Amino acid sequence: RKEVEQDPGPFNVPEGATVAFNCTYSNSASQSFFWYRQDCRKEPKLLMSVYSSGNEDGRFTAQLNRASQYISLLIRDSKLSDSATYLCVAYSPSGTYKYIFGTGTRLKVLA
Amino acid sequence: EAGVVQSPRYKIIEKKQPVAFWCNPISGHNTLYWYLQNLGQGPELLIRYENEEAVDDSQLPKDRFSAERLKGVDSTLKIQPAELGDSAVYLCASSSRDRGYAGELFFGEGSRLTVL
């Protein structure tokens, strides 16, 4: 079982739709969580950090549920430019200070 | 501010040949990472440096892969000899991490390796 699991998708949604991605992590010692965005053939870039109960940035909302060990990303009013792969990342400060990436969820926003 | 710089961007080699990738992290970032990314997968850590010390190389296939970070700045990742399965994107990232606090990872554009 992978330490960070995501549904690979693809999620095909129309412009203006609301879409949500979930991510589960298995290491209960994970302390911090992030969503990275990766465009096709580009490097990952930080979209949002999720440090406590959640975080909101414009149309994007990330939620953390420590009891169930999952985080989510909600995108409201989807834009064509939101089409990308969204990578869930868990950070564990114990031992090796490791960032563990999920496989990513592909989103395609359709006109 | 300059970002993480990697070279070469693309490399095509025949199997059994050696290849090397170079990374220059963001100035002042003490932590440097090399990740491997296969198509449709997330990045997987190969090695992490704190300054010039390799503190996590447990996922580095040491029979053919080697890395160094001289003077705690630039880093080189080498594969010798390359195998067909090594075809992937090799990503370098850096961060400025205070102990216990997860800083943002900044990635370079990656080095795309094709082994024929």
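Going along each chain's sequence as written, the residues are numbered from 1 onward. Labels are handed out in written order, letters beginning with A for the chains and numbers beginning with 1 for the ligands. A pLDDT threshold of at least 70 governs which residues receive local features in this predicted model, and a stricter bar of 80 or more applies before side-chain atom pairs are shown or counted, although totals over entire chains, interfaces and linings include all residues. As a rule here, side-chain values cover all heavy atoms of the structure and leave hydrogens and water aside.

Participant: So, the interface of chain B and chain A: which residues are in play, and what are the values?
Facilitator: When the parts of a complex come together, some accessible area is lost, and that lost area is often used as the size of the interface. If you look at the interface, chain B gives 25 residues, while chain A gives 21 residues. Salt-bridge detection follows one rule: a side-chain nitrogen of Lys or Arg within 4 Å of a carboxyl oxygen of Asp or Glu. Counting across the interface, chain B meets chain A through one salt bridge. Between B:D56 and A:K98 there is a salt bridge whose closest N-O contact spans 3.5 Å. Among the secondary structure elements, those contributing two or more residues to the side of chain B that touches chain A are β4 (31–37) and β5 (44–50) of chain B. Each helix is a run of H or I in the DSSP string that is no shorter than four residues. Each strand is a run of E no shorter than two, and both are numbered from the N terminus. Counting residues per element, the side of chain B that touches chain A draws most heavily on β4(B), which supplies three residues. Lys, Arg, Asp and Glu make up the charged group, whereas Ala, Val, Leu, Ile, Met, Phe, Trp, Tyr, Cys and Pro make up the nonpolar group; the residues left over, Gly among them, are polar. Residues of the side of chain B that touches chain A, tallied by class, amount to 10 nonpolar, eight polar and seven charged. Residue contacts follow a heavy-atom distance rule, with two residues in contact if any of their heavy atoms lie within 4.5 Å.

Participant: Can you tell me about the confidence of the model for chain A, naming the residues and giving the values?
Facilitator: Every residue carries a pLDDT, the predictor's confidence in it, which falls somewhere between 0 and 100. On average, residues of chain A score 92 in pLDDT, and 95% of them are at 70 or above. The secondary structure element of chain A with the lowest average pLDDT is strand β6 (residues 54–57) of chain A, at 88, and the one with the highest is strand β11 (residues 105–110) of chain A, at 97.

Participant: Residues and numbers for the sheet that holds strand β1 (residues 5–7) of chain B, please.
Facilitator: All names here are of chain B. Being paired, for any two strands, means DSSP has found at least two bridges between them. Here four strands make up an open sheet; going across it, the order is β1-β3-β8-β7 and the pairing antiparallel. A strand with exactly one partner marks an edge of an open sheet, and here the two such strands are β1 and β7 (65–68). Shown here is a sheet whose adjacent strand axes are inclined to one another by a mean of 15°, direction ignored. Note that β1 and strand β3 (residues 19–24) share three bridges and pair antiparallel. Among the inter-strand pairings, V5 is bridged to a residue of β3, identified as N24. Angles here are taken between N-to-C directions and fall from 0 to 180 degrees, while the axes themselves are lines fitted to C-alpha atoms, restricted in helices to the stretch in contact.

Participant: Got a sec to walk through the state of the cysteines? Specific residues and values, please.
Facilitator: Residue and element names in this part refer to chain A. Cysteine sulfur atoms that come within 2.5 Å of each other are treated as a disulfide pair. Here the structure, examined in full by the defined rule, presents two disulfides over all chains. In this model C23 forms its disulfide with C88; the gap between the sulfur atoms is 1.9 Å. Looking down the S-S bond of the C23 and C88 bridge, the torsion is -75°, so its handedness is left-handed. Here C23 is found in strand β3 (residues 19–25), whereas its partner C88 is found in strand β9 (residues 84–92), with 65 residues between them in sequence.

Participant: Go over the nonpolar core, please, and point to the residues and values.
Facilitator: Here, the term nonpolar core denotes a set of buried Ala, Val, Leu, Ile, Met, Phe, Trp, Tyr and Cys residues that are joined through side-chain atoms within 4.5 Å. Relative accessible area decides the class of each residue, using a 1.4 Å probe on protein chains only: under 20% of the type maximum gives buried, over 50% gives exposed, and in between gives partly exposed. Counting 24 residues, the largest nonpolar core has A:F21, A:W35, A:L73, A:I75, A:Y86 and A:L107 as the members making the most contacts within it. Of all the elements in the fold, those that place two or more residues in this core are β3, β4 (32–38), β5 (45–50), β7 (60–65), β8 (70–75), β9 and β11 of chain A. Of all hydrophobic cores here, the second largest spans 22 residues; its members include B:I13, B:V19, B:I47 and B:Y49.

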